[in-house]
Amino acid sequence: MTHGAGLTIGVLGSYGGRNLGDEAILTGLLTDLRTQEPNARIIVFSRNPEHTRAAHPDVEAVPWEGVSRTDSALVLAQLDLLILGGGGILYDREARRYLRVVRVAQERGLPLITYAVGVGPLSDGVDTGMVRETLSSAIQVTVRDQESRMVLEEAGLLNPITVTADPAFLLQPEEFPAHLLAEEGVPVGKRLVGISVREPGRAAERLDVDGYHRLLAQIGDFLVHRIDAYVLFVPMERDDIRHAHGVLSHMVAAERGRILHGTYSPQQVLGLMRHFDLAVGMRLHFLIFAAMVGTPFLPLPYAGKVFDLAQRLGVPALRGVEREVEGPLLAEVDRLWDEREQRAEATARRVAEVCDQARGTSEVTRGVLESLRSQSFTRV
């Protein structure tokens, strides 16, 4: 850091992949950093630097995948601090990829903190060992949920671990005008249900694709007839569109279904959630967005992070999205609709508490930044 300038901070996570959840995390994290360190030079390690620069013109973006240790070291040498996270990036076969960059940073003596990171599942010996050894030298370790803390403890990490909440809870919604819905083919003035699907991917490899397509089609048809609704599928990343079509292909009332096709920012999608009378979904950040604006929602859990969110917010969630749970799941959807007003106040209170916990990451980060500023000015 040069005298009179801000710190130079690197941020490493699953950014630039056009996943709205990851972009929501980055937006919340950057907003927090700018509030604390307005003059900071921020360098984001991105899968698609061009996309990151376009979405966040006030930061620099550099690639990290397929980049040599030498080239990574050149960028890392410019930093005062490396932030790992947020988001669910430390899990089997994926953790080692991020931690390869972190290890190069640590070889240079660069301070490391984790920012509301998501951890698990971790059963692979290589990834587990790398997580334990790498995070053991971190200045601060913050995770976004209790499950992540348990996974780190089971991996043998002895550091103090602070549980906060996902940085997406720091976002503010932008207006999503009704005319945009009309342009998406959604009738105005009708009840509207939001549905979120996901591809199996590395985080959900055990999903029975055809089975969960048919299950969500049953939910869609049920709500069309139960509350005379239209259904809008909200893709949180590109592959979700294909799976939304898969669900629609099994719906009897497919003419009542639409798929959101426009390109929108996380704040706009957060604003979109206000148009829904009900939300049913798999994607974590779709559910977070629904919770934040007070839309009644039902999680369809495929991973521990979704169960953890449901627990924190006191929302019922059946285990799994297999066809075997069709009857209980439709009953829960029916109950959610009937009890939506009675549940609203309690859910809103829980959401406010989690938003406060998300701001807790800022408290941890602030102490680190103040210490680094002090050290930098002492050296000058």
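Look above for the structure.
This section reports on the structure supplied with the text. (Residues numbered from 1 in each chain as written. Predicted model: local features only at pLDDT ≥ 70, side-chain atom pairs only at ≥ 80, totals over all residues. Heavy atoms only, no water.)

### Thoughts on the sheet that holds strand β12 (residues 297–299)
Taken in spatial order, the five strands of this open sheet run β10-β9-β8-β11-β12, and their pairing is parallel. In this open sheet, the two edge strands, each paired with only one partner strand, are β10 (257–259) and β12. Shown here is a sheet whose adjacent strand axes are inclined to one another by a mean of 20°, direction ignored. The pairing of strand β11 (residues 278–281) with β12 spans three bridges and is classified as parallel. When the bridges of β12 are listed, valine 280 appears paired with leucine 298. Contacts from helix α8 (residues 209–227) reach β8 (191–196), β9 (229–233) and β11, with the element oriented near 170° to β8. (Pairing = 2+ DSSP bridges. Helix = DSSP H or I, 4+ residues; strand = E, 2+ residues; numbered from the N terminus. Axes fitted to C-alpha atoms, helices over the stretch in contact; angles between N-to-C directions. Contact = heavy atoms within 4.5 Å.)

### Points about helix α3 (residues 69–76)
The α-helix winds at 3.6 residues per turn, so residues separated by three or four positions along the chain end up facing the same way. Listing the buried residues of α3 in full gives Ser72, Ala73, Val75 and Leu76. Down the axis of α3, the sector holding all buried residues measures 160°, keeping them to one side. What points out from α3, more than 90 degrees from its buried face, is the exposed set Thr70 and Leu74. Those residues of α3 hidden inside the fold are in contact with β2 (41–46), β3 (60–63), β4 (81–90) and α4 (95–107). (Buried < 20%, exposed > 50% of the residue type's maximum accessible area, 1.4 Å probe, protein only. Arc of directions from axis to C-beta.)

### Points about helix α11 (residues 284–293)
Among the ten residues in α11, eight count as buried, and that is most of the element. For α11, the set of buried residues is Leu284, His285, Phe286, Leu287, Ile288, Phe289, Ala290 and Ala291. Where α11 terminates, the next one or two residues include glycine 294, which has phi positive at roughly 85°.

### Let's talk about the pairing of strand β6 (residues 140–143)
Note that strand β5 (residues 112–119) and β6 share three bridges and pair parallel. Directly across from threonine 114, in β6, lies its bridge partner valine 141. Note on the crossover from β5 through helix α5 (residues 125–135) to β6: the handedness is right-handed. Relative to strand β7 (residues 161–163), β6 runs parallel, the two sharing three bridges. Residue pairing across strands places threonine 142 opposite threonine 162, the latter belonging to β7. Between the parallel elements β6 and β7, the chain passes through helix α6 (residues 146–154) in a crossover that is right-handed. (Right-handed = clockwise from strand over helix to strand, strands pointing away.)

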